[in-house]
Amino acid sequence: MKKMKYVLVTGGVVSGLGKGVTASSIGLLLKECGLRVTSIKIDPYLNKDAGTMSPFEHGEVFVLDDGGEVDLDLGNYERFLDVQLTSDNNITTGKIYQFVLDKERKGDYLGKTVQVVPHITDAIQEWIERVAMIPVDGKEGPADVCVIELGGTIGDIESMPFIEALGQFSCRVGVGNFCLIHVSLVPVLNVVGEQKTKPTQHSVRGLRGLGLTPNILACRSTMALDDNVKEKLSQFCHVSAEHIITLYDVPNIWHIPLLLRDQKAHEAIFKVLNLPSITEEPSLMEWTTRAAICDKLHEPVRIAIVGKYTGLSDTYLSILKALLHASVACGKKLIVDWVPASDLEDMTEIENLDAYKAAWKLLKSADGVLVPGGFGDRGVQGKILAAKHARENRIPFLGICLGMQVAVIEFARSVLGLKDANSTEFDPSTRNPCVIFMPEGSKTHKGGTMRLGSRRTHFQVSDCKSVKLYGNRRFIDERHRHRYEVNPDMVARLENAGLSFTGKDQTGQRMEIIELPDHPYYIGVQFHPEFKSRPGKPSALFLGLIGAACGQLNAVLQSGLESQEKVNCETVNFVIILFFAF
């Protein structure tokens, strides 16, 4: 039986260097070399998962098919590698300690004193070995290589047990089966314009002091490293100059795999992992073309994102990626206008007139409006006003999760005349509850208690935009994350007034998709289509939004990009990208 190969990606000096994108790009590069790849993200925080963490603290919560609420970097892995990961592919300190403590309570340790070493460190290693064997690419049998990303920065107190475990793990799997890539910063001081190696030297020294020796350095800098800088790093960090890669600033992240390929990162990894030489160089043809097209796009399409967390773009990372995938497919340069939902409200007009005017100016100048999901009542009235503006002015609109719910509330208020229509999340005593708490939900426990993961939606009509965008399928599977749903007792009244519920779950009681048939593009969905969008396979509903916003909706509807089950979707999209872009 072949032995699994492991590539560990760590980070030093500062956080936010792009370890996730680097790990994803390394996985893609190895995949293009003909290897099967899986990924694991280690997050040293004590939370069991990312589900209860504030977006301001941690960015978006990415949801997997199995309902796992995980770190946003797993979204990068899925997008780059086109795989379907599981919740076990995200390891946290909380998960490990809970696993060990559960065993201790059952008496599995036979009276021993439970300690970080060996019990926690052994649990980490066993978890990695077990999850690495789970296929994530739809094929039988385990992958060839597992790319592991250790979150945080070397020296963080939270990551110490993982560092120790991974040091033991490198010995456990043996030489030739473990490759450590350290992502570090090489700053350039504006005063002298010199690339400074000292931060990376200290970072590597700290890493070596903890029992891990890097095989490859991936150096983040504003420009390519000078040869003399590489030599200095090689001398002080004990890494061959051929194994020092520069990840300099690029126009878009699709260039990162190309940077790694051009600097022969795959050959360096193969040398460390003692893999046979490849028969062909990784071409990355479609990535090269896609990156080049993205750089050349100049005709703008403006999308206003009306949300609660507009101050931090990572909160809506998957939405941004899905919009980018769709805009590139339509040959348009994406411009996102961030509109704080609360700035659209009447109270802001009184308290901060300039912010109010600026928000409405952005909304009114947009080619399309997107209202994403969210929790809590702050900014909800602004989201309702955005939905109303898009509906009345026939502006392409996409509402996701809460975005769909506010569209239903707005319709009930404006069209049905139910002025107090609301969600019980925001007004528990409303006489016209359009959105209600799901009966199976929990109001006492937050983590993992929502309707999560992949669920099936059945189309109710054959002649609507959403079914055409999905290629005339009878049903679709999309990922969910919500506690509230449209009140089924209100559906008949809403439908009689012109709101079409074009998608429902298998029971017919849970509303999944709404549309306004006489609107150019007005769609709301209870699920999160952004989580399954891929660079070469844009989400159908995002493609529809961008297509409608730039006058290409008919072409998008006719193309059936997402539905050609007997045709290679990558090839179809690649041809369409070229057609629209040039």
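Residues numbered from 1 in each chain as written. Predicted model: local features only at pLDDT ≥ 70, side-chain atom pairs only at ≥ 80, totals over all residues. Heavy atoms only, no water.

Student: Let's hear about the pairing of strand β1 (residues 5–11): which residues, and what values?
Tutor: With respect to burial, β1 is a largely interior element, seven of its seven residues being buried. Taking every second residue as pointing to the same face, both faces of β1 are buried, with K5, V7, V9 and G11 on one and Y6, L8 and T10 on the other. Two elements, β1 and strand β6 (residues 145–150), share five bridges in a ladder whose sense is parallel. Each residue of the ladder has a partner; that of L8, found in β6, is I148. By the bridge criterion, six bridges tie β1 to strand β7 (residues 178–185) in an arrangement that is parallel. Pairing of V7 across the sheet is with C179, part of β7. (Buried < 20%, exposed > 50% of the residue type's maximum accessible area, 1.4 Å probe, protein only. Helix = DSSP H or I, 4+ residues; strand = E, 2+ residues; numbered from the N terminus. Pairing = 2+ DSSP bridges.)

Student: Let's hear about the sheet that holds strand β23 (residues 522–525): which residues, and what values?
Tutor: The sheet built from nine strands is open, its strands ordered β13-β12-β14-β15-β23-β22-β21-β18-β19 with mixed pairing. In this open sheet, the two edge strands, each paired with only one partner strand, are β13 (333–340) and β19 (475–482). Here the strands of the sheet are splayed against their neighbours by 25° on average, with no regard to which way each runs. The pairing of strand β12 (residues 300–307) with strand β14 (residues 368–371) spans three bridges and is parallel. Paired with I303 across the two strands is G368, which belongs to β14. Strands in contact with helix α12 (residues 317–329) are β12, β13, β14 and β15 (397–400); relative to β13, the strand with the most contacts, it is inclined by about 150°. (Axes fitted to C-alpha atoms, helices over the stretch in contact; angles between N-to-C directions. Contact = heavy atoms within 4.5 Å.)

Student: Can you tell me about the UniProt feature "domain: CTP synthase N-terminal" (unreviewed entry) in the protein, naming the residues and giving the values?
Tutor: Here the UniProt-annotated "domain: CTP synthase N-terminal" (unreviewed entry) positions come out as residues 5–275. What you have in residues 5–275 is 41% helix and 18% strand, and the ends, taken at the C-alpha atoms, are 9 Å apart. (UniProt positions renumbered as here; feature names shortened; annotations may be inferred.)

Student: Give a description of the nonpolar core that names residues and reports values.
Tutor: Core analysis: the largest hydrophobic core is formed by 51 residues, its most contacted members being V7, I26, L30, C179, I181, L260 and I269. Both of domain 1 (5–291) and domain 2 (297–564) provide at least three residues apiece to this core. Apart from the residues lying within four places of it in its own chain, the contact partners of I181 are V7, L8, V9, T10, I26, I216, A218 and I269. Listed in part, the 45 residues of the second largest apolar core include A304, W360, V408 and L494. (Core = buried A, V, L, I, M, F, W, Y, C linked by side-chain atoms within 4.5 Å. Domains from an automatic or database assignment.)

Student: I'd like to hear about the packing of α12 against helix α19 (residues 540–549), residue by residue, with values.
Tutor: It is the contact of α12 with α19, at a shortest axis distance of 8 Å, that shows an interaxial angle of 55°. Classified by the interaxial angle, the pair formed by α12 and α19 is oblique. Where α12 crosses over α19, the two elements pack in a sense that is right-handed. When α12 is examined against α19, the residues I319, A322, L323, A326, S327 and A329 are found in contact with a partner set consisting of F542, L543, L545 and I546. Its residues assigned to classes, the contact of α12 with α19 shows nine nonpolar, one polar and no charged. (Parallel < 35°, antiparallel > 145°, perpendicular 65-115°, else oblique. Left-handed = near helix turned anticlockwise from the far one by under 90°. Nonpolar A, V, L, I, M, F, W, Y, C, P; charged D, E, K, R; others polar.)

Student: Just give me the short version of the state of the cysteines, but keep the residues and values in it.
Tutor: Taken as a whole and assessed by the stated rule, the structure comprises zero disulfides. C219 takes part in no disulfide bond, and the closest cysteine sulfur, belonging to C237, lies 7.7 Å away. (Disulfide = S-S within 2.5 Å.)

Student: Describe the domain arrangement of the protein, and please don't skip the residues or the numbers.
Tutor: For the protein, the assigned domains read domain 1 (5–291) and domain 2 (297–564). Taking only C-alpha atoms, the centre of domain 1 and the centre of domain 2 are 35 Å apart. Each partner contributes to the interface: domain 1 provides 23 residues, whereas domain 2 provides 29 residues. Inspection of the domain 1/domain 2 interface yields six salt bridges. A salt bridge links R534 to E78, with the nearest nitrogen and oxygen atoms 3.4 Å apart. The tally of links between domain 1 and domain 2 comes to 12 residue pairs in polar contact (both at pLDDT 80 or more). Those elements that place two or more of their residues in the side of domain 1 that touches domain 2 are α2 (55–58), β3 (62–63), α3 (73–81) and α11 (285–296). The residue inventory of the side of domain 1 that touches domain 2, partitioned by class, reads 11 nonpolar, five polar and seven charged. (Salt bridge = Lys/Arg side-chain N within 4 Å of Asp/Glu carboxyl O. Polar contact = N/O pair within 3.5 Å; in protein donor to acceptor, adjacent residues only side chain to side chain.)

Student: Can you break down the pattern of salt bridges residue by residue, with the values?
Tutor: If the charged atoms of two oppositely charged side chains come close together, the side chains can form a pair. The full count for this structure, using the stated rule, is 29 salt bridges. In this structure, D463 and K468 form a salt bridge, with 3.1 Å as the shortest nitrogen-oxygen distance. According to the relative accessible area criterion, D463 is exposed, its value standing at 61%. K468 sits in the partly exposed class, given a relative accessible area of 34%. Each of the salt bridges in this network shares a partner with another, and the network as a whole consists of D65, E78, D82, R479, R534 and K537.

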